[in-house]
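# Structural overview for review
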Amino acid sequence: MKRLVACVLARLYQCGFVIAVISGASGAASAAIVYESADNRLIVSGRLATASIWRHDVPEDDHDPRDYGSRIRGIAEHVFGNGWSGLVLSEWAFDAYQDNATSNRFKREQYAGLSHPRYGTVLAGKQYSVWYDLVASWTDYFSINGLAAQGTFGGRRLAGAFEGIGRADRAVSYRNRFGNLNVGVMWQAPRNARREETGAAGTQTRGVQRDRSLQAAAAWHLAPSLSIAGAIAHSDIDDYDETPGTRVDADMTAGLLGLRWTPGNWYLAAIGGTYHNLIRAPSFTGYRRDRALDIAHGTESVAAYRLENIAPGSVQLYTGLNALFDGHSAARNVTFIQGIRWVFFDARAIVAFEHTETDDRDTDGQTPAGDGQTGVLLRYNF
């Protein structure tokens, strides 16, 4: 344990330039509104984040700090009158270390929308799904790990864009609140990701095609600190990769239920889901082919407590479980998470220390190599 603490302190020192940057940038946070008038506003915001992770029993792991979700976004807002307002948002990920070996340079979100206090909000473009907003986000609490058992950011493309479970592309959504009930529906337009490949067997069609996706979610707030929620999602998908040149019906269907209780300084949440043709086979050790699994089940939970008056800002202790199970073999991915997080500078800066242990099984029920990781994260929201 002493060696582990020493390593953490060394990594914090190595990341010291990040601490200096975010400390100096804290004064710029008040300049996030770069233009404002009676009817218009332009906002620039984002995040700088770095993490160093020690993978247990992996001798070649170099523990080098790396970018961990840095991003920048611009938001333009306009007030039309009669309660209506509009916005345009564009958010891009970038690698703060400029590491050419990473692919952390991509469009995260880009949409336009209209909103009214009574009639709700309509968004069009690449956006977070109602599945995530109203249910799955309840267990998106951990600083480094998590989200491995809810299917949100899995699927065939980056960040759940293709099936629409995560940041859905080419999507139109509607969200509103009716008393104690929040509701959301979403539709995804078709997307053709097919291609023609020529080989020994001649020219064959490869890739996938989405005809459309439909999604609905609702969260019912039973009391100020108690809520339940559910979401369903369906995506019509034709898969030409399973058998090259032949169309295979690979429609995705998924369901998720959630429960959240937040009494006093506590935060308690749990979700459970079933996923058909969503989870990729390589998610489990033992599969050689990259295909969508017919069925998988997952559950996530988090329990956190906020400590008061022991440091500037807020100190949070948390623990949780991520468990994903293959429906047709003994394969499972089970991760136990424990951590501590310090949030300060008006909730702009975060320092987190997180440890995980695993109880995984491969498709034959055997325990694969590796037993978790330990990491430290530094983040500043500007």
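The model shown is predicted, which means the values in this text are computed figures rather than measured ones.

## Focus on the overall build of the chain
- Within the chain, the secondary structure is distributed over three helices and 20 strands.
- Here the chain has a C-alpha radius of gyration of 22 Å; the compact-globule value for 382 residues is 21 Å, and the two agree.
- Referenced to the eigenvectors of the C-alpha coordinate spread, the extents of the chain come out at roughly 65 × 60 × 45 Å.
- For the chain, the residues scored as buried account for 43% of the 382 residues in total.

## Regarding the side chain of Arg341
- Mapped onto the elements of the fold, Arg341 is located in strand 18 (residues 332-344).
- One buried charged residue, Arg341, remains without a salt bridge, the closest side chain of opposite sign being Glu354 at 5.7 Å.
- Within the local environment of Arg341, its side chain forms a polar contact with the backbone oxygen of Tyr141, the two atoms lying 2.8 Å apart.
- The contact partners of Arg341, leaving out residues within four places of it in the chain, are Tyr141, Phe142, Ser143, Ser314, Val315, Gln316, Tyr318, Ile350, Val351 and Ala352.

## Digging into the nonpolar core
- The biggest cluster of nonpolar side chains holds 43 residues, and the ones touching the most others in it are Trp131, Val135, Tyr275 and Ile279.
- Secondary-structure elements contributing two or more residues to this core are helix 3 (130-134), strand 8 (167-178), strand 11 (202-223), strand 12 (226-243), strand 14 (252-261), strand 15 (266-276), strand 16 (296-307) and strand 17 (314-326).
- What Ile279 contacts, discounting residues up to four positions off in sequence, is Gly151, Phe284, Arg291, Ala292, Leu293, Ala296 and Leu324.
- Core analysis: the next-biggest nonpolar cluster, separate from the first, contains seven residues, Ala51, Ile53, Ile350 and Leu377 among them.

About the thresholds
- Residues numbered from 1 in each chain as written.
- Predicted model: local features only at pLDDT ≥ 70, side-chain atom pairs only at ≥ 80, totals over all residues.
- Heavy atoms only, no water.
- Helix = DSSP H or I, 4+ residues; strand = E, 2+ residues; numbered from the N terminus.
- Rg over C-alpha atoms; globule rule 2.2 N^0.38 Å.
- Buried < 20%, exposed > 50% of the residue type's maximum accessible area, 1.4 Å probe, protein only.
- Lys, Arg positive; Asp, Glu negative; His and termini not counted.
- Salt bridge = Lys/Arg side-chain N within 4 Å of Asp/Glu carboxyl O.
- Polar contact = N/O pair within 3.5 Å; in protein donor to acceptor, adjacent residues only side chain to side chain.
- Contact = heavy atoms within 4.5 Å.
- Core = buried A, V, L, I, M, F, W, Y, C linked by side-chain atoms within 4.5 Å.

In short, geometric facts, not functional conclusions.
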